[in-house]
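Overview (structure and organization)
Okay, here's what each chain looks like letter by letter:
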Amino acid sequence: MKKNMFFLLAVLFVIAIASCKKSADAPATPQSVIETTDPAKKVYNYIIGLGFPAHSIVDQPGEYIVEGDIRFPKDMVIPNVSTEQYYTGSLVSATNVANIRLFVDASMTSMLSEINSAISQWNSISGCNIHWTVVTSGAYDVLITNYNLGNGVCGQGTFPSGGKAGNLIRINKNYIAGNSFAQRARTICHEMGHNVSFRHTNWASIGESTAIDVPGVGGPDASSLMNGGQCGSGATVLSDKDKQAAAVLY
């Protein structure tokens, strides 16, 4: 009886070890893709498909916020993403990217110099058709406005939709007011990058599960202005790789 009991305990012990080992080595739980016809849920699935972890998606009225500074309207047009575009989401069309009309809300006019500095960086990339211009009346493509995003978030950009630049940039003006001019301009320039489809260059180190490099311009870049999580301390000028990527896509 004792021998049988010891044998049984030994078997259970082996099974327990095997179970723990299997659990530890098992692949990570896949991202939650929701089967639905709901447009908002389709946007959610699109975000998951871009490689953002489900836990990083914040559900807010009318929009999803990812990684703190990327905004996805729930009514956005979901693009058919090719390999080249998967890294950045969706590209702005050739016609639209050559004349992105930015309207500066009254709440942001005190930072017009920083806005113009950011625009100058994007417009001066050699071999690239991205061109931003400030408009003061009439139709516009992108609105830049002050918005209280709480502590820790300097701004938010919006990915492109339907061949158009993301239609909104939010800047946490009071939060970044104490930063240097170069860092304030950097925040604006960074969010503008999201609006023309750039993702965070350091996506892996900040927990995004996957991303596909811009063709020919892969790998990390410590000097990239599009690195995330560097509010007030990041690069203040577009790096050589930033410019190369912009030229490849546009």
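Note: the structure precedes this text.
Residues numbered from 1 in each chain as written. Predicted model: local features only at pLDDT ≥ 70, side-chain atom pairs only at ≥ 80, totals over all residues. Heavy atoms only, no water.

Before going further, it helps to examine the overall build of the protein chain. The number of helices and strands found in the protein chain is eight helices and eight strands. The buried share of the protein chain, reckoned over its 250 residues, is 45%. Across the protein chain, contacts joining residues at least 24 apart in sequence account for 68% of those joining residues at least 6 apart. When the accessible area of the protein chain is evaluated, it comes to approximately 12,500 Å², of which 56% is carbon and sulfur surface. (Helix = DSSP H or I, 4+ residues; strand = E, 2+ residues; numbered from the N terminus. Buried < 20%, exposed > 50% of the residue type's maximum accessible area, 1.4 Å probe, protein only. Contact = heavy atoms within 4.5 Å. Areas by Shrake-Rupley, 256 points an atom, 1.4 Å probe, with all protein chains shown as cover.)

For the rest of this paragraph, the subject is helix α2 (residues 39–49). Residues Ala40, Val43, Tyr44, Asn45, Tyr46, Ile47 and Ile48 constitute the buried set of α2. Each element contacted by the buried residues of α2 is listed here: β1 (57–60), β2 (63–66) and β3 (70–73). In this structure Asp38 caps α2, since a side-chain oxygen of it lies 3.0 Å from the backbone nitrogen of Ala40. One or two steps after α2, the chain reaches Gly51, where phi turns positive at roughly 105°. (Polar contact = N/O pair within 3.5 Å; in protein donor to acceptor, adjacent residues only side chain to side chain.)

As a further point, take the side chain of Asn195. Within the secondary structure, Asn195 sits in helix α7 (residues 181–195). Ignoring any residue separated from it by four or fewer positions in sequence, one finds Asn195 in contact with Val92, Trp132, Val142, Gly157, Thr158, Pro160, Ala165, Gly166, Asn167, Leu168 and Ile169.

A few words on the sheet that holds strand β6 (residues 142–146). With mixed pairing, the eight strands of this open sheet are ordered in space as β1-β2-β3-β7-β8-β6-β4-β5. The open sheet is flanked by β1 and β5 (132–135), the only strands paired with a single partner. On average, each strand axis in the sheet is inclined to that of its neighbour by 25°, with strand direction left out of account. Together, β4 (100–104), β5 and β6 form the strand contacts of helix α5 (residues 112–123), whose direction differs from that of β5 by roughly 150°. This element, α7, spans β3, β5, β6, β7 (155–158) and β8 (168–171) of the sheet and lies at about 25° to β7. (Pairing = 2+ DSSP bridges. Axes fitted to C-alpha atoms, helices over the stretch in contact; angles between N-to-C directions.)

As a further point, take the state of the cysteines. Going through the model one piece at a time under the given rule, you end up with one disulfide. Residue Cys154 pairs covalently with Cys231 via a disulfide, S to S 1.3 Å. Of this pair, Cys154 sits in the loop between β6 and β7 while Cys231 sits in the loop between α7 and α8 (240–249); the two residues are 77 residues apart in sequence, bridging distant segments of the chain. The buried category is assigned to Cys154, whose relative accessible area is 6%. (Disulfide = S-S within 2.5 Å.)

Here we come to the environment of Gly51. When you line up the elements, Gly51 lands in the loop between α2 and β1. The class of Gly51 is buried, set by a relative accessible area of 0%. Each C-alpha atom, one on Gly51 and one on Glu208, is 6.1 Å from the other, the two residues being 157 residues apart in sequence.

Before going further, it helps to examine the nonpolar core. Counting 37 residues, the largest nonpolar core has Trp122, Ile130, Trp132, Ile144 and Tyr250 as the members making the most contacts within it. Broken down by secondary-structure element, the contributors of at least two residues to this core are β4, α5, β6, β8, α7 and α8. Top element by residues in this core is α5. It accounts for four residues. Apart from residues no more than four positions distant in its own chain, Trp132 is found in contact with Ile100, Leu102, Ile119, Trp122, Asn123, Val142, Ile169, Met192, Asn195 and Val196. Grouped together as the second largest cluster of nonpolar side chains are 15 residues, Ala40, Ile48, Val66 and Met76 included. (Core = buried A, V, L, I, M, F, W, Y, C linked by side-chain atoms within 4.5 Å.)

Here the focus is the environment of Lys164. Along the polypeptide, Lys164 turns up in the loop between β7 and β8. A relative accessible area of 52% places Lys164 in the exposed class. Distance from Lys164 to Ile100, taken between C-alpha atoms, is 8.6 Å for residues 64 residues apart in sequence. Contacts of Lys164, omitting those with residues within four sequence positions, involve Val92 and Asn96.

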